[in-house]
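Below are the chains, spelled out letter by letter.
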Amino acid sequence: MSLVLTLRFQGRADYNRTRASELSTRPVLAVVIGGQSAEAYLDTGMPVTVCPPDFAAKLMGLDPADGLEEEARIRGVLVKGRIHNTSIEFIADEGKPMAIAGVVFVPNSAADVGPDLTGFSFLGMYECLDKMIFGVDSLTQVFYFN
Amino acid sequence: MKAAIRRKTTDIQPVEFDRPFSLAFYYRRRWRDISTGTPIEATRTPDPKKLAAAQRALLEGLCLYWTTQDIEDAPPSRRHKQAVEVAFAFRGETCFRVDDETSISRARAKWRRDAMARLEVAAHQGDESAFLKNLEVIKWEGRSASDFVRAIKLAFKAGAFKAARYIASEGMKYQPDSAEIQKYARVLNPSQPTITEPTATLGPQANRDWLKAHAHEYKGKWIAIRNGELLGASQSLDSLVEEVSQKFGVAFPSRDVMVTTGS
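Draft legend 1. Spotlight on the sheet that holds strand β11 (residues 142-145) of chain A. Residue and element names in this part refer to chain A. Strand order in the open sheet made by the four strands is β7-β1-β11-β10, with antiparallel pairing throughout. Of all strands in the sheet, those bounded by a partner on one side alone are β7 (94-95) and β10 (134-137). Pairing of β10 with β11 involves four bridges; the strand directions are antiparallel. Across the sheet, the residue bridging to D137 is V142, located in β11.

What follows is the structure in structure tokens.
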């Protein structure tokens, strides 16, 4: 007996097409975070979306007074930073783009999160990926969302 | 000294621990994790922090454990076959097993009261599942605003963001006038509805094509591109934003100008 599942998505976007090699296994998506067009890793292992501090300070227009100053565990390490509300938009190559009211964590120091928090944000679960239905076709490197 | 410890019953059995860590090893070998209730037998290598926390908690006074086997005198055939709820009381350096119902119910009440302490242990250990398990047994009614704030902060330390939101929402139920809890509830639960309307973003495909061809030329630099055209590149994001703003009249944040890094 076979199971047939039908899922409807409102948009799809290519990923990993933004860099020279298509052999990379890290999905990189074009997104708009806090109104700023950027790139971000899709990372279901991240508890929350994490943005580089310089990117957040210079481009996202976040008011420190609106955020929560906290110490949070990111990738198993306690990191000091701020938690903010902001919009996260998924750009569609086909279909409709989608914007959600999300939550981001901005570390005081990018190095506290890891050497790869340079320029790219990490799209994590809380109030971002857990607000949507998404699918990843790793063969064709396409991200579907709804 | 706790009242429960003063109570003497005939079925109190002294259990001596002559070395500081022997208690912890005893704990590790036979008991359940004080913070989670999970069987310790699963832990092959003792975690020094966990052992120290257990020892500290034991020395605070009367504690409650669910043993997966009877202690000390139980015949081997009984071991691992039954879960026994027992309490332990301390008088000085001596630990007593307490089996009477009053002591056990007092210990049970203490166990519940100490839920915040167990949250703290789980948060500092970065043990999200232990944190969530302990969170489930907490009764929030009657707790102070500072308790809610403390628990939310601990949830972040455990990496439990969803739990932080849950605590904030419970805080709004029982301490709705607290400005601090209101702020947590607002930030952790964005009120705007999910927007699904199309938004215009200039040249995503052209930007991708450009990055595919040229990103490696700007390794380690911030770059700004619009509709497949490079607007600027710099080691510093500040100078890139200044340059692009002045040259092209771009106001940031901008959905049309992608800012990223080369690789």
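Here the narrative resumes.
Draft legend 2. Structural context of the pairing of strand β5 (residues 222-226) of chain B. All names here are of chain B. Across the five residues of β5, four count as buried, placing the element largely inside the fold. In the sheet, β5 pairs with strand β6 (residues 229-234) via five bridges, with the strands oriented antiparallel. Within the sheet, the bridge partner assigned to I223 lies in β6 and is A233. Two successive antiparallel strands, β5 and β6, enclose a turn made up of two residues, where N227 displays a positive phi of approximately 50°. Across four bridges, the pairing between β5 and strand β7 (residues 258-261) is antiparallel. Each residue of the ladder has a partner; that of I223, found in β7, is T260.

Draft legend 3. Representation of the interface of chain A and chain B in the model. Contacts between the two partners involve 53 residues from chain A and, on the opposite side, 47 residues from chain B. When chain A packs against chain B, close to 4,300 Å² is buried across both sides, 57% of that on carbon and sulfur atoms. Inspection of the chain A/chain B interface yields six salt bridges. Taking the shortest distance from any N to any O, the salt bridge between B:R208 and A:D93 comes out at 2.2 Å. On inspection of chain A and its partner chain B, the count reaches 20 residue pairs in polar contact (both at pLDDT 80 or more). Those elements giving two or more residues to the side of chain A that touches chain B turn out to be β2 (28-33), β3 (36-42), α1 (53-59), β5 (68-74), β6 (77-90) and β8 (98-107) of chain A. The element contributing the most residues to the side of chain A that touches chain B is β5(A), with seven residues.

Rules of the game
- Residues numbered from 1 in each chain as written.
- Chains lettered and ligands numbered in written order.
- Predicted model: local features only at pLDDT ≥ 70, side-chain atom pairs only at ≥ 80, totals over all residues.
- Heavy atoms only, no water.
- Pairing = 2+ DSSP bridges.
- Helix = DSSP H or I, 4+ residues; strand = E, 2+ residues; numbered from the N terminus.
- Buried < 20%, exposed > 50% of the residue type's maximum accessible area, 1.4 Å probe, protein only.
- Contact = heavy atoms within 4.5 Å.
- Buried area = accessible area lost by both parts, 1.4 Å probe.
- Salt bridge = Lys/Arg side-chain N within 4 Å of Asp/Glu carboxyl O.
- Polar contact = N/O pair within 3.5 Å; in protein donor to acceptor, adjacent residues only side chain to side chain.

Distances and angles like these do not, on their own, reveal function.
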